[in-house]
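Below, each chain spelled out in residue letters.
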Amino acid sequence: MNKIKQFRKKIDIIDSDILKLLNKRTELAYKIGIEKKSSNIFRPERQAYILRNLFHLRNNKITPDIIFSYWRAIFLAQTKLQGNIKIITSKSISKLQYNDILNFFTHEVKIQGYNNINQALKILLKNKNSLLILPYPKNKAEKDWWTDFDFSAAKIIASLPFIMKKSTKPRLIILSKYAPVLDDSSVMLYKSNKLIKNESLKIEAKAKDAYLYKSKNIINANNLSFIGAYPENYEIK
């Protein structure tokens, strides 16, 4: 029992140190929010960069999904210092997709569902800190919304879930009125009404005579429109 008490005392000290460090991190996050002078408070590429660094730390004994569950709460709490995020989505999303949203943003976010995507887009553009979350584009009819969507008004900036099994596709994409911030991990998405042969382009979906391509490269070509980008998902076995 004496050893257990000693271990618990050490845990109490560590808990206190963790809270002190979180307070320091919160102060820095607040200062960054003041310095960047931007209304764009959701930065998925920054979150992805932080998570990958944590996943790859040497001598780490905590699995990626547990690390993610800790840090998502930190991300949300410190983002709220700059403003509350409002989630807009389609009422037709599945229960699994709805849970993907909660698993990423936690149960504290406000989620509002709409039957009409154009109506949802208007709400997105009207509100300061809103994100529109829709099914990841696929060939199926219920996921072909991207063929008629106005990507000049909003761009894809992230996908969900962030942690996925290998050889699977995301289930959701996140759209914002702010352009995505591109880095080395970005997966670019393009739309075209023509079949384009390019080794850097991979067809992701086809519907209504429209093609959706993805690439790791920035491509400037005729008949090819950039519709957004998302941080590359972290794959597990």
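The paragraphs below set out a description of the structure included in this document. A quick note: this is a predicted structure, and the numbers were derived from the prediction, not measured.

**So, the overall build of the protein chain**
Looking only at helices and strands, the protein chain has 5 helices and 11 strands in total. Along the longest, intermediate and shortest principal axes, the C-alpha atoms of the protein chain span 70 × 40 × 35 Å. Across the 237 residues of the protein chain, 43% fall into the buried class. Look at the contacts in the protein chain between residues 6 or more apart in sequence, and 71% of them connect residues 24 or more apart. Of the roughly 14,600 Å² of accessible surface on the protein chain, a fraction of 52% belongs to carbon and sulfur atoms. Counting 43 positive and 20 negative side-chain charges, the protein chain places the averaged centre of each group 4 Å from the other.

**Some words on the side chain of S185**
In this structure, S185 sits in the loop between strand 6 (172-176) and strand 7 (186-192). Judged by its relative accessible area of 13%, S185 is buried.

**Quick look at the nonpolar core**
In terms of nonpolar packing, the biggest core is built from 28 residues, with F105 and I174 touching the most fellow members. Within the residue set of this core, elements represented by two or more residues are helix 2 (44-55), helix 3 (64-79), helix 4 (95-105), strand 3 (130-135), strand 4 (155-160) and strand 6. Among the elements that take part in this core, helix 2 stands out by supplying 5 residues, more than any other. Apart from the residues within four sequence positions on either side, I174 is in contact with F42, F105, L131, L132, I133, K155, I156, I157, A158 and L160. Formed by 25 residues, the second largest nonpolar core is a distinct cluster that contains L134, L189, A210 and L212.

**Observations regarding helix 5 (residues 117-126)**
The set of residues buried in helix 5 consists of A120, L121, I123 and L124. With its buried residues spanning 160 degrees around the axis, helix 5 presents them on a single face. Away from the buried face of helix 5 by more than 90 degrees, exposed residues N118, K122 and K126 are located. Those residues of helix 5 that are buried lie in contact with strand 1 (86-90), strand 2 (110-114), strand 3 and strand 6. Sitting at the head of helix 5, N116 places a side-chain oxygen 2.8 Å from the backbone nitrogen of N118.

**A word on the pairing of strand 3**
For strand 3, the buried fraction is high: 6 of the 6 residues fall into the buried class. Relative to strand 6, strand 3 is paired through 4 bridges, and the arrangement is antiparallel. For L132, the partnering residue across the bridge sits in strand 6 and is L175.

**Here we look at the packing of helix 1 (residues 2-36) against helix 3**
Helix 3 packs onto helix 1 with a crossing angle of 45 degrees between their chain directions and a minimal axis gap of 10 Å. The orientation of helix 1 with respect to helix 3, classified from their angle, is oblique. When the axes of helix 1 and helix 3 are compared, the crossing they make is right-handed. Residue-level inspection shows L22, R25, T26 and A29 of helix 1 in contact with helix 3, the latter providing W71, I74, F75 and Q78. Looking at side-chain class alone, the contact of helix 1 with helix 3 contains 5 nonpolar, 2 polar and 1 charged residues.

**Let's talk about the packing of aromatic side chains**
One pass over the structure, following the stated rule, counts 11 aromatic pairs. Here Y211 and Y213 contribute two aromatic rings whose centre-to-centre distance is 6.1 Å and whose plane-to-plane angle is 20 degrees, an arrangement assigned as stacked. Both residues of the pair, Y211 and Y213, belong to the buried class. One aromatic cluster is present, built from ring pairs that chain together F42, F68, F104 and F105.

Scoring rules and cut-offs
Residues numbered from 1 in each chain as written. Predicted model: local features only at pLDDT ≥ 70, side-chain atom pairs only at ≥ 80, totals over all residues. Heavy atoms only, no water. Helix = DSSP H or I, 4+ residues; strand = E, 2+ residues; numbered from the N terminus. Buried < 20%, exposed > 50% of the residue type's maximum accessible area, 1.4 Å probe, protein only. Contact = heavy atoms within 4.5 Å. Areas by Shrake-Rupley, 256 points an atom, 1.4 Å probe, with all protein chains shown as cover. Lys, Arg positive; Asp, Glu negative; His and termini not counted. Charge placed at Lys NZ, Arg CZ, Asp CG, Glu CD. Core = buried A, V, L, I, M, F, W, Y, C linked by side-chain atoms within 4.5 Å. Arc of directions from axis to C-beta. Polar contact = N/O pair within 3.5 Å; in protein donor to acceptor, adjacent residues only side chain to side chain. Pairing = 2+ DSSP bridges. Axes fitted to C-alpha atoms, helices over the stretch in contact; angles between N-to-C directions. Parallel < 35°, antiparallel > 145°, perpendicular 65-115°, else oblique. Left-handed = near helix turned anticlockwise from the far one by under 90°. Nonpolar A, V, L, I, M, F, W, Y, C, P; charged D, E, K, R; others polar. Phe/Tyr/Trp six-rings, centres within 6.5 Å; stacked < 30°, edge-to-face > 60°.

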